[in-house]
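Inside the fold
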Amino acid sequence: MTGVAFSVWLPLFTLIYVAAMLYWVRVATQQASGDDGFFSAGHSLAPWISALVIAGASLSGWFVLGGSQQLAEQGLQLPALLVAGITLALPGVIFFKRLWFVAERLRVSSQADIFRVYYQSPFLVVVSTLVAVLFALGFSGLQLRALAQAVALMTDGGVTQLTASVVFGFILFAGAGIGGMRAIGYFGFIQTVLAFAAIVMLAGFALVWSGGFGALNTSLYELAGTPEAISLFTVSGVIHFTSGLGRGGDLAGANTTLANLSLAFAFMGFQASPMVLKIVLSTRGPNGIAAGQTWVTAGFCGALIVFAIALIGAAGMVDPDLSLGAIFARLQTQSPWFAAWIFIGVAAGVQLLAGLSLFVAAEGLVRHIYKPYFNSRLTKQGKLTLTRIAIAVLAVLAMLLQNLAPVTPSALAALALPVAFQLWTPLLGVTWLGWITRPAAITGVGFGIAGVILTEPLGYEILSFFGLELPWGRWPWTIHSALWGMAANVAAVLIISAITDRKALCA
């Protein structure tokens, strides 16, 4: 009876959610004026909308689905997950305002455009587009698969994972493909509010069912006193000189201080990605950017991660029956309509990121790669049409990968954040460090991506296919691939900048 009740409430709330989305899509299409309205919302998004959408895309769905589960399974030995809500805002503080002025000066509206005009580099344009594709197919696709599996589980198989994936794909296309950037901004505000409300509610239920703060703290204290659980509360050293996961035994997976630091660096790659910068460059003014990053992203949303996600994870750590999936199951039994409402909130946060990723990836493929290098005579209407087709194709491809090759989204997702982090050096060259030359920025990013790939499973799987074996596995010395890539990136930038500057002086 409960499964039937839930399967009734979930489609009902989904219909309401889709109806609200289509309304804002209609508003966006009515206000759009040509391709500029579709691709960049006419540079008219209000700063407060941009601040909320950036915060929602950065911190909502993927922390609920991934962060709370990791805390429940691995404990507090990985504190980078909790401080990520604050560190995520750092790139915005450093880059956003200056990049907005640079984009206004260059009369461009995307990260790829900035790289094309400032560095005159097709390679950096391709990398920027590639990052968006990695997020669309891998990072977002992995979370959409988790949502589809949850729908199938909570409806007792009444809605299959494939059916849920198709519905999610349609919603993504309708929001991003029809309404464009303006619809993403308008409806993204609603998605952010829904996601934040769902996170607070889930944390509240986890706290109440744990018996309150006192009972939860007592349970954590008792758990920390057991020898088999002490590792859940301790960082296992500064560094372990092992060959990495798959090569050095158990210590290769230890959560060391350097593992936490390098993981925090990887999280900071998100706001250096073309998705977040697309929102920034679609904003009508820079005045609210600093306040948005300080008070909305790092302040309110950072506190939400530190307290709400930590509560959900801690409750699951002391009692597996209070993990995220178990909380949903219990809510489903006691109040199916409320469980469906909270699930829609979590799904809204994931869909905000997924829709934004699909849109930016499709725009990059059409506007920044296909048009300049394959069809320079493409009209404005042709760009609109092809971008919508590309969004549909990417959504279908993500759905197929989720259901037919589930390992592939995981491999792509593992590359998304560390590769995006490598874009820090060219962005620093644009905004703060003018001595970073064009060859240095290009070479640095290339070396950085190589460093990331060679310390992730995808890299040594590719080399193994060609009969080559690396002497290390994933994350050697317990250092995340983001930091390995950035070490190679910075070294190349410093060396090449020194060489090319010297040549310029001699000339």
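These numbers come from a predicted model, not from an experiment.

**Details of the overall build of the chain**
Counting secondary structure elements, the chain contains 21 helices and 0 strands. Its C-alpha atoms give the chain a radius of gyration of 23 Å, within 12% of the compact-globule value 23 Å for 507 residues. Reported as C-alpha extents along the three principal axes, the dimensions of the chain are approximately 75 × 60 × 45 Å. When each of the 507 residues of the chain is scored for burial, the buried share is 56%. Put simply, 83% of the contacts in the chain that link residues at least 6 apart link residues at least 24 apart. Total accessible area on the chain is roughly 20400 Å²; 70% of this is exposed by carbon and sulfur atoms.

**Focus on empty space enclosed by the protein**
This structure, assessed with the given rule, holds 4 cavities of 30 Å³ or more. The volume enclosed by the largest cavity comes to roughly 140 Å³. Lining the largest cavity are 16 residues, and of these G175, A176, I184, F187 and Q191 sit closest to its centre. Of all the secondary-structure elements, those providing two or more residues to the lining of the largest cavity are α1 (2–31), α9 (161–210) and α15 (336–374).

**So, a nonpolar patch on the surface**
Residues W435, V490, L494, I495 and I499 make up a contiguous nonpolar surface patch of roughly 450 Å² in combined accessible area. Tracing the chain through its elements places V490 in helix α21 (residues 481–506).

**A closer look at the pattern of salt bridges**
For the coordinates displayed, the defined rule picks out 4 salt bridges. Across the pair R116 and D113 runs a salt bridge whose closest N-O atoms are separated by 3.1 Å. With R116 and D113 both in helix α7 (residues 111–119), this residue pair falls 3 residues apart, about one helical turn. Look at D113 and you get buried, because its relative accessible area is 7%. The closest approach of N and O atoms between E363 and R367, which form a salt bridge, is 2.7 Å. Of this pair, E363 and R367 both sit in helix α15, separated by 4 residues, roughly a single helical turn.

**Describing the packing of aromatic side chains**
One pass over the full model with this rule turns up 23 aromatic pairs. On the basis of an interplanar angle of 25 degrees and a centroid distance of 5.8 Å, the ring pair of W9 and F13 is categorised as stacked. Residue W9 and its partner F13 are located together in helix α1, separated by 4 residues, close to a single helical turn. By relative accessible area, which is 32% here, W9 ends up partly exposed. Judged by centre distance (6.3 Å) and plane angle (15 degrees), the rings of Y370 and F374 are stacked.

**Re the environment of L324**
By the secondary structure assignment, L324 is in helix α14 (residues 324–334). Judged by relative accessible area, which is 8%, L324 ranks as buried. Remark: the alpha-carbon pair of L324 and W484, spanning 160 residues in sequence, is separated by 33 Å.

**Let's talk about the packing of helix α3 (residues 47–59) against α15**
Viewed as axis vectors pointing N to C, α3 and α15 meet at an angle of 100 degrees, and their least axial separation amounts to 8 Å. On the basis of the axis angle, α3 is roughly perpendicular to α15. Mapping the contact onto sequence places V53, G56 and A57 in α3 and L352, L353 and L356 in α15. Across the contact of α3 with α15, the residue classes tally to 5 nonpolar, 1 polar and no charged.

**Some remarks on the side chain of K278**
Note on placement: K278 falls in helix α12 (residues 274–281). Within polar-contact distance, the side chain of K278 engages the backbone oxygen of F39 at 2.9 Å.

**As for the environment of L90**
If you trace the backbone, L90 turns up in helix α6 (residues 90–106). Judged by relative accessible area, which is 38%, L90 ranks as partly exposed. Measuring from C-alpha to C-alpha, the distance between L90 and Q74 comes to 26 Å, with 16 residues separating the pair along the chain.

**So, the side chain of T14**
By the secondary structure assignment, T14 is in helix α1. Under the relative-accessibility criterion, T14 is labelled buried at 18%. Setting aside anything within four residues of it in sequence, one finds T14 in contact with I171 and I344.

**Comments concerning the environment of L153**
Residue placement: L153 occurs in helix α8 (residues 122–154). For the pair formed by L153 and A329, sequence separation is 176 residues and the distance between their alpha carbons is 9.1 Å.

**A word on the packing of α7 against helix α18 (residues 424–431)**
With their axes 11 Å apart at the nearest point, α7 and α18 run at an angle of 60 degrees to one another. Both α7 and α18 take part in a crossing whose hand is left-handed. Of the residues in α18, those touching α7 at Q111, I114, F115, Y118 and Y119 are T425, P426, L427, G429 and V430. By residue class, the composition of the contact of α7 with α18 is 7 nonpolar, 3 polar and no charged.

Basis of the calculations
Residues numbered from 1 in each chain as written. Predicted model: local features only at pLDDT ≥ 70, side-chain atom pairs only at ≥ 80, totals over all residues. Heavy atoms only, no water. Helix = DSSP H or I, 4+ residues; strand = E, 2+ residues; numbered from the N terminus. Rg over C-alpha atoms; globule rule 2.2 N^0.38 Å. Buried < 20%, exposed > 50% of the residue type's maximum accessible area, 1.4 Å probe, protein only. Contact = heavy atoms within 4.5 Å. Areas by Shrake-Rupley, 256 points an atom, 1.4 Å probe, with all protein chains shown as cover. 1 Å grid on protein atoms, 1.4 Å probe; cavity = no way out; pocket = protein on both sides within 12 Å on 5 of 7 lines; lining within 4 Å. Points joined across faces, edges and corners; volume = space filled by probe spheres on them. Patch = residues over 30% accessible without salt bridge, like charges linked within 9 Å, V, L, I, M, F, W, Y side chains within 5 Å. Salt bridge = Lys/Arg side-chain N within 4 Å of Asp/Glu carboxyl O. Phe/Tyr/Trp six-rings, centres within 6.5 Å; stacked < 30°, edge-to-face > 60°. Axes fitted to C-alpha atoms, helices over the stretch in contact; angles between N-to-C directions. Parallel < 35°, antiparallel > 145°, perpendicular 65-115°, else oblique. Nonpolar A, V, L, I, M, F, W, Y, C, P; charged D, E, K, R; others polar. Polar contact = N/O pair within 3.5 Å; in protein donor to acceptor, adjacent residues only side chain to side chain. Left-handed = near helix turned anticlockwise from the far one by under 90°.

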